[in-house]
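Survey of secondary and tertiary structure
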Amino acid sequence: MESSGKRSGLKKVRLHHLLFLGFTLISTVPVFFLAAWAQKSAIESEYTAIEDKHLLLAKNLTGTLDRFAKDAEQIFRVAAHYLQTNKPTEQIATLMKIVRFNHLHITDKTGRIFSIESDWQGQAPIKNNTQISHKLLSKLSLDIEQAKLLPDHVFFSPALHNSHGKPTIYLIKFTPDGSLVIGALETDYIVDMGQKISFGKLGHATIVDHKGHVLSHPNSTWRNEIKDISHIKPVSLMMAAQTGVTTFYSPAIETDMIAGFTFLPKIGWGVMIPQPLSELEERASGVRTAVIIITLLGILTAALISWWLARYLSMPMQAVVYAAGDVAKGKLNARIPTFRSFILKEANDLVLSFNSMVNELEKVERRLRTSEERFKEFASTASDWLWETDEKGRIVWESASKKQGYRGRKFIEIQGMTRQELAEDVMKKKDWTTYQKALDKHEEIKDFHYKYLGENGQIYHALINGIPLYDDEGNYKGHRGSASDITKRTKAEHELKKARDEAETANKSKSDFLANMSHDLRTPLTAIIGFSDIMRHKTFGKLGHPKYDEYVRDIHNSGTLLIGLINDILDLSKIEAGKYELTNEPLQIDELIGLSFRQLELMAESSHQSLKMEISSTLPHLKGDKRAIIQILNNLISNAIKYSPKKGTIAVNATTNENNGIEISVEDSGIGMSEQDLECAMNAFEQTDRLHPRKHEGTGLGLFLCHNFMKLLGGKLKIESKVNVGTKVTLIFPASRTIITQQEKSL
């Protein structure tokens, strides 16, 4: 009674409510994950874009400062030479004005002192016996000692205040005759260069000397006092001769920032381009609002659908529960009524099966009373066929199999044989350990995997289960049990594993392809955006500056690379979808190869390669798709250029074969490929590790597209390659694509 009371006190949950709760939870989990992923992706996208842009700006500004430092050093040397040789100083006044030299001081080996000062009006009067203050000499003592050890080498001092309290950098050197030369360089130009860079609300440029003192900064107080900011993370990294992107806390505006930074190798000046992280997060905040709205709508929709679906799925089961309760009470005439509304096939099968089961209950009950003891024992292990062995493990009985042919033998042919004899050498000795142990110790045989040979020599698989048999006196008589044929299941498992391995390999190849493509697409896009942004802001002045010609060429090259990558991807998609339509037109082989040479000329020149074409003047025309054949030639020739040593030769030949089909070959003397490399290179999205794919930009689709284009054209692609010797790729077109003119027919 107590037990019954406890059981009745258990709280029961309705299936409808449980399904509703489960469906709702399952459907909302992906919504939350999607929301988090969208928010994270938006912020990461902002971070990635800003990192590339800031580092590029820092490097460009560093290049400008490097040229300024070189100009200042050269003018410093020229001015010192003019002063020592008593040449007219008016000739160097303009040069000193360009880089803001306001003072040049020389103390010769006799102790004679003279100097030159620029008044920014083109005048540079010479003054004798103009002493440098002891305080300044004390600050420059370390640099003077270093200059004394390396005559004629120019040293740049840290930023110091001059006699007027203005930030100044001093250039110091000793001439070969022992004279000390000190020049005062104002920082106005450096400040102007730094202030030209401004973006966002608080994005700016900061320039420091090799001691971490501010040369240029939006904060004028910091500039005027030459503030020491060497403790700030990016500044300390620049002083350690490092380049990169990092985050740090800015004491100037009291917030976290992200900065690209680099340094001038010779004099140690550092440049960083910082921007508050809050500005990046502010741009990504718009995504957050949309994510919240979509999440709430997704949860509401999932709840409504889950409530309806749970109710719909639970109705047939509730009907089965009610009917089963009646059957349990002895009402064998209980049936589940047929549902008139739409019902799932599985639920309908459940209802029909339940009703059929009830119909058979009375028959089963009568049959069970008359069943023999042997078949009662078989019932617990019944499967595809039943068996019995004697005390020696020999087969003495088997049920008449409805699936005759599992062995391809009749029972009379195997009667008296052991399973070891049937298996022959299909199974190893160790495979029989558990089975033989069960026979020797008269124990139960449980799920023994049995392999045996059929009459046709095919290997079959079975799952054996059995129990030991004893006579009335307790003597062991053998085993009795069932066997399930699992040949198809084993084969299916093997095929499933094989398919899974192939799917995993394909998935990895496409994942590698996407990772490479994200870099390959971002690299030219970053160059295009960076160089065009510099030109848009006129960093080097008006667009007539010769530096812009180089940037325009870089933008064109990056755009060409990008369109090539996109064309490869689009062509692959069309080919795989079976939607690439060929055009057929008469084509001259020499014109196609010449066009490809012109497109790849710059690439060949940059790698110091020479392109050579050998084609007979009597070569017939080819009927085909001009764009497809040009792309094949471009892919093959560009590959030959990439993987050939400098000053190599790429030879392109064309001729007709014995079947009158045109053959075009591209041959190089490059690094070559092994058989494993060839197999890898012919697959989509793959590049061999030995060829260092990151060194040579590309999608890994080149040879794969060439192969498929040739299949579309009815031809084939043949590759002959040897490691460290070279590669020869031959395009073999069918004779049907060779156009024979009347003149050629007469020959």
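Residues numbered from 1 in each chain as written. Predicted model: local features only at pLDDT ≥ 70, side-chain atom pairs only at ≥ 80, totals over all residues. Heavy atoms only, no water.

1. Considering the overall build of the protein chain
The secondary structure content of the protein chain amounts to 22 helices and 27 strands. Put simply, the protein chain has 747 residues, and 40% of those count as buried. Sequence-distant contacts, at least 24 apart, represent 58% of the contacts inside the protein chain between residues at least 6 apart. Summed over its atoms, the accessible surface of the protein chain is roughly 42900 Å², and 55% of this surface lies on carbon and sulfur atoms. (Helix = DSSP H or I, 4+ residues; strand = E, 2+ residues; numbered from the N terminus. Buried < 20%, exposed > 50% of the residue type's maximum accessible area, 1.4 Å probe, protein only. Contact = heavy atoms within 4.5 Å. Areas by Shrake-Rupley, 256 points an atom, 1.4 Å probe, with all protein chains shown as cover.)

2. Quick look at the sheet that holds strand 26 (residues 726-732)
Read across the sheet, 5 strands follow the order 21-23-24-26-25 without closing on themselves; strand pairing throughout is mixed. On the outer flanks of this sheet lie strand 21 (610-615) and strand 25 (716-722), each paired with one strand and no other. With strand direction ignored, the average angle separating the axes of adjacent strands in the sheet is 15 degrees. Bridge count between strand 23 (residues 649-656) and strand 24 (residues 662-668): 6 bridges; the pairing is antiparallel. Bridge pairing links Asn-653 to Ser-665 in strand 24. Helix 17 (residues 589-599) rests against strand 21, strand 23 and strand 24 of the sheet, and its axis sits at about 175 degrees to strand 21. Most of the contacts of helix 19 (residues 626-642) go to strand 24, to which it runs at about 20 degrees, and overall it touches strand 21, strand 23, strand 24 and strand 26. (Pairing = 2+ DSSP bridges. Axes fitted to C-alpha atoms, helices over the stretch in contact; angles between N-to-C directions.)

3. Describing the nonpolar core
Ranked by internal contacts, the top residues of the largest apolar core, which has 41 residues, are Phe-101 and Trp-269. Within the residue set of this core, elements represented by two or more residues are helix 2 (15-84), helix 3 (90-99), strand 1 (101-107), strand 2 (113-117), strand 6 (167-174), strand 7 (180-186), helix 6 (188-195) and strand 14 (270-276). At 13 residues, helix 2 tops the list of elements feeding residues into this core. Residue contacts for Trp-269: discarding those within four places in its chain leaves Phe-68, Phe-156, Ile-169, Ile-190, Val-208, Asp-209, His-210, Leu-215, Thr-262, Phe-263 and Leu-264. (Core = buried A, V, L, I, M, F, W, Y, C linked by side-chain atoms within 4.5 Å.)

4. Concerning the side chain of Asp-143
Following the sequence through the fold, Asp-143 ends up in helix 5 (residues 141-149). Notably, Asp-143 is buried but unbridged: the nearest opposite-charge side chain belongs to Lys-211, and the N-O separation is 6.9 Å. In this view, Asp-143 contacts Ser-157, Pro-158 and Ile-172; residues no more than four positions away in its chain are not counted. (Lys, Arg positive; Asp, Glu negative; His and termini not counted. Salt bridge = Lys/Arg side-chain N within 4 Å of Asp/Glu carboxyl O.)

5. Quick notes on empty space enclosed by the protein
For the coordinates displayed, the defined rule picks out 1 cavity of 30 Å³ or more. What the largest cavity holds in volume is close to 40 Å³. Every residue along the wall of the largest cavity is listed here: Asp-66, Ala-69, Lys-70, Glu-73, Leu-264, Lys-266 and Ile-267. A per-class count over the lining of the largest cavity returns 3 nonpolar, no polar and 4 charged. (1 Å grid on protein atoms, 1.4 Å probe; cavity = no way out; pocket = protein on both sides within 12 Å on 5 of 7 lines; lining within 4 Å. Points joined across faces, edges and corners; volume = space filled by probe spheres on them. Nonpolar A, V, L, I, M, F, W, Y, C, P; charged D, E, K, R; others polar.)

6. Considering the packing of helix 19 against helix 21 (residues 702-712)
Helix 21 packs onto helix 19 with a crossing angle of 145 degrees between their chain directions and a minimal axis gap of 9 Å. Pair helix 19 / helix 21 crosses with left-handed handedness. For the pair helix 19 and helix 21, contact is made by Ala-628, Gln-631, Ile-632, Asn-635, Leu-636 and Asn-639 and by Gly-702, Leu-703, Leu-705, Cys-706, Phe-709 and Met-710, respectively. (Left-handed = near helix turned anticlockwise from the far one by under 90°.)

7. With respect to the pairing of strand 19 (residues 476-485)
When you tally the buried positions in strand 19, you get 9 out of 10 residues, the bulk of the element. Here strand 18 (residues 459-470) pairs with strand 19 via 9 bridges, running antiparallel. Looking across to strand 19, one finds that Leu-469 is bridged to Gly-478.

8. Quick notes on the pattern of salt bridges
Think of it this way: side chains of opposite charge can pair up when their charged atoms draw near. All told, the structure shown has 13 salt bridges when counted by the stated rule. The salt bridge involving Arg-100 is made with Glu-186; its shortest N-O contact spans 3.5 Å. Highlighted residues: Arg-100 in the loop between helix 3 and strand 1 and Glu-186 in strand 7, separated in sequence by 86 residues. When its relative accessible area of 23% is taken as the criterion, Arg-100 is described as partly exposed. Sharing partners across several salt bridges, the network here consists of Glu-73, Arg-77, Asp-152, Lys-173 and Lys-266.

9. Observations concerning the packing of aromatic side chains
On inspection of all chains with the given rule, the structure shows 10 aromatic pairs. Between Tyr-470 and Tyr-476 the ring centres are 6.2 Å apart and the planes differ by 65 degrees, which places this aromatic pair in the edge-to-face class. The ring of Trp-222 has Lys-227 lying over it, and the distance from NZ or CZ to the ring centre is 5.3 Å. Across from the ring centre of Tyr-450, 5.8 Å away, lies the NZ or CZ of Arg-419, which sits over that ring. (Phe/Tyr/Trp six-rings, centres within 6.5 Å; stacked < 30°, edge-to-face > 60°. Lys NZ or Arg CZ within 6 Å of the ring centre and 35° of its normal.)

10. Regarding unusual backbone geometry
Unlike most non-glycine residues, His-608 shows phi in positive territory, near 60 degrees. On the secondary structure map, His-608 appears in the loop between helix 18 (601-606) and strand 21. Assessed through its relative accessible area of 44%, His-608 is described here as partly exposed. One non-glycine residue, Lys-647, lies in positive phi territory at about 65 degrees. For Lys-647, the position within the fold is in the loop between helix 19 and strand 23.

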